[in-house]
Amino acid sequence: MRHRVAGRKLSRTTQHRELMFRNMLVSLLQHERIQTTLAKAKELRGWVDKIVTVGKKGSLHARRHAFALLRNKEIVKKLFDEIVPRLKEREGGYTRVYKMGWRQGDGAPLSLVELVTFSSPEEKKKSPVKKAKEVLEKVAPKIKGKEEKKEKEGKEKKEEKEKKEKKEKKEKKEKKVKKEEKEAPKEKKEKEERKEKKEKPKKKSPEKKSK
């Protein structure tokens, strides 16, 4: 018979059971509310009461003792700085257990464990101005994206026009060069003929002077 035998073994070895409750305790202190089976929730209450009692001491030794159990610096800091100050006036019973029905599959009774100071975050009513700002913030990125696309398209069109103009200028220059090359021999012949015509009268001028 199990008369006056405290604790639940939960079909686990001692080491497995202690590690499981350590993880559950860390999760509860982090989120301040967890869902588990009813037997585990009832057993977890004692672990929470002990760690909060350690946190109320507030000494360096207490912090080291809490870290030895929790193995998480952030959770230890939250325990001493946030959770314990809210539970100073209470002398025990730091958790609350709700029955949540039965688990589908094995039919295990489920429960919700939370700290007494836990309060679900209530959504504050937003003014119409804030709602309008939020809507504009959501719509603004789409408008910006469309404007950026238009700007990119405009830049691409300008670049294409510039390229076409450059090509046309190059083609015109090449055509001019080709025409000049074709006309060059004709101009050379004309220049030579002009030079010959100019040289002929110069030869006759000394004969007239001799006469």
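In case you missed it, the structure is sitting above this.
Residues numbered from 1 in each chain as written. Predicted model: local features only at pLDDT ≥ 70, side-chain atom pairs only at ≥ 80, totals over all residues. Heavy atoms only, no water.

> Whenever I open this one, the overall build of the protein confuses me. Can you help?
Tallying secondary structure elements over the protein gives five helices and three strands in all. The 211 residues of the protein split such that 21% are buried. Residue pairs at least 24 apart in sequence account for 55% of intrachain contacts in the protein once pairs closer than 6 positions are excluded. Of the roughly 18,600 Å² of accessible surface on the protein, a fraction of 50% belongs to carbon and sulfur atoms. (Helix = DSSP H or I, 4+ residues; strand = E, 2+ residues; numbered from the N terminus. Buried < 20%, exposed > 50% of the residue type's maximum accessible area, 1.4 Å probe, protein only. Contact = heavy atoms within 4.5 Å. Areas by Shrake-Rupley, 256 points an atom, 1.4 Å probe, with all protein chains shown as cover.)

> Hey, could you run me through the side chain of Glu-114 in this one?
By the element assignment, Glu-114 lies in strand E3 (residues 109-115). A polar contact is formed between the side chain of Glu-114 and the side chain of Arg-33, at a distance of 2.8 Å. Here Glu-114 is in contact with Leu-28, Glu-32, Arg-33, Tyr-94, Thr-95, Arg-96 and Tyr-98, once residues within four sequence places are set aside. (Polar contact = N/O pair within 3.5 Å; in protein donor to acceptor, adjacent residues only side chain to side chain.)

> Where do I start with helix H2 (residues 38-57) in this structure?
An α-helical turn contains 3.6 residues, so a residue and the one three or four places further along point in the same direction. Counted at 1.5 Å a residue, the expected span for H2 with its 20 residues is 28 Å, and the 30 Å between its end C-alpha atoms agrees. Residues of H2 that are buried include every one of Leu-38, Lys-40, Ala-41, Glu-43, Leu-44, Val-48, Ile-51, Val-52, Val-54 and Gly-55, and no others. Where the residues of H2 are buried, they touch helix H1 (14-31), strand E1 (33-37), helix H3 (60-70), helix H4 (73-86), strand E2 (95-102) and E3. One or two steps after H2, the chain reaches Gly-58, where phi turns positive at roughly 70°. (Expected span 1.5 Å × (residues − 1).)

> Sorry, what's going on with the pattern of salt bridges here?
Two side chains that carry opposite charge are able to pair once their charged atoms sit near each other. Scanning the entire structure with this criterion turns up seven salt bridges. Among the ionic pairs, Arg-8 bridges to Glu-43, the shortest N-O distance being 3.1 Å. With Arg-8 in the segment before H1 and Glu-43 in helix H2, this pair connects stretches of sequence that are 35 residues apart. Arg-103 is the partner of Asp-106 in a salt bridge, and the nearest nitrogen-oxygen pair spans 2.8 Å. Residue classification places Asp-106 among the exposed positions, given a relative accessible area of 51%. You can call Arg-103 partly exposed: its relative accessible area is 35%. The structure contains a network of salt bridges with shared partners spanning Glu-32, Lys-78 and Arg-86. (Salt bridge = Lys/Arg side-chain N within 4 Å of Asp/Glu carboxyl O.)

> Looking at this structure, I do not really get the environment of Val-48. What am I missing?
When you line up the elements, Val-48 lands in helix H2. The class of Val-48 is buried, set by a relative accessible area of 0%. Along the primary structure Val-48 and Thr-95 are separated by 47 residues, whereas in three dimensions their C-alpha atoms are 7.5 Å apart. With residues up to four places along the chain from it excluded, the contact list for Val-48 reads Leu-25, Leu-28, Tyr-94, Thr-95 and Leu-115.

> Explain the packing of H2 against H3 here, please?
Each pair of packed helices gets described by two things: the angle between the helix axes and the distance between those axes. It is at 8 Å that the axes of H2 and H3 come closest, and there the two elements cross at 150°. As the angle between them shows, H2 and H3 are arranged roughly antiparallel. Contacts between H2 and H3 pair Trp-47, Ile-51, Val-54 and Lys-57 from the former with Ala-62, His-65, Ala-66, Leu-69 and Leu-70 from the latter. (Axes fitted to C-alpha atoms, helices over the stretch in contact; angles between N-to-C directions. Parallel < 35°, antiparallel > 145°, perpendicular 65-115°, else oblique.)

> Please clarify how the packing of H1 against H4 should be interpreted in this entry.
Across the interface, H1 lies against H4 with an axial gap of 10 Å and an inter-helix angle of 50°. Considering the angle they form, H1 stands oblique to H4. Crossing of H1 over H4 shows left-handed handedness. For the pair H1 and H4, contact is made by Val-26, Leu-29 and Gln-30 and by Ile-75, Lys-78, Leu-79 and Ile-83, respectively. Classifying every residue of the contact of H1 with H4 gives five nonpolar, one polar and one charged. (Left-handed = near helix turned anticlockwise from the far one by under 90°. Nonpolar A, V, L, I, M, F, W, Y, C, P; charged D, E, K, R; others polar.)

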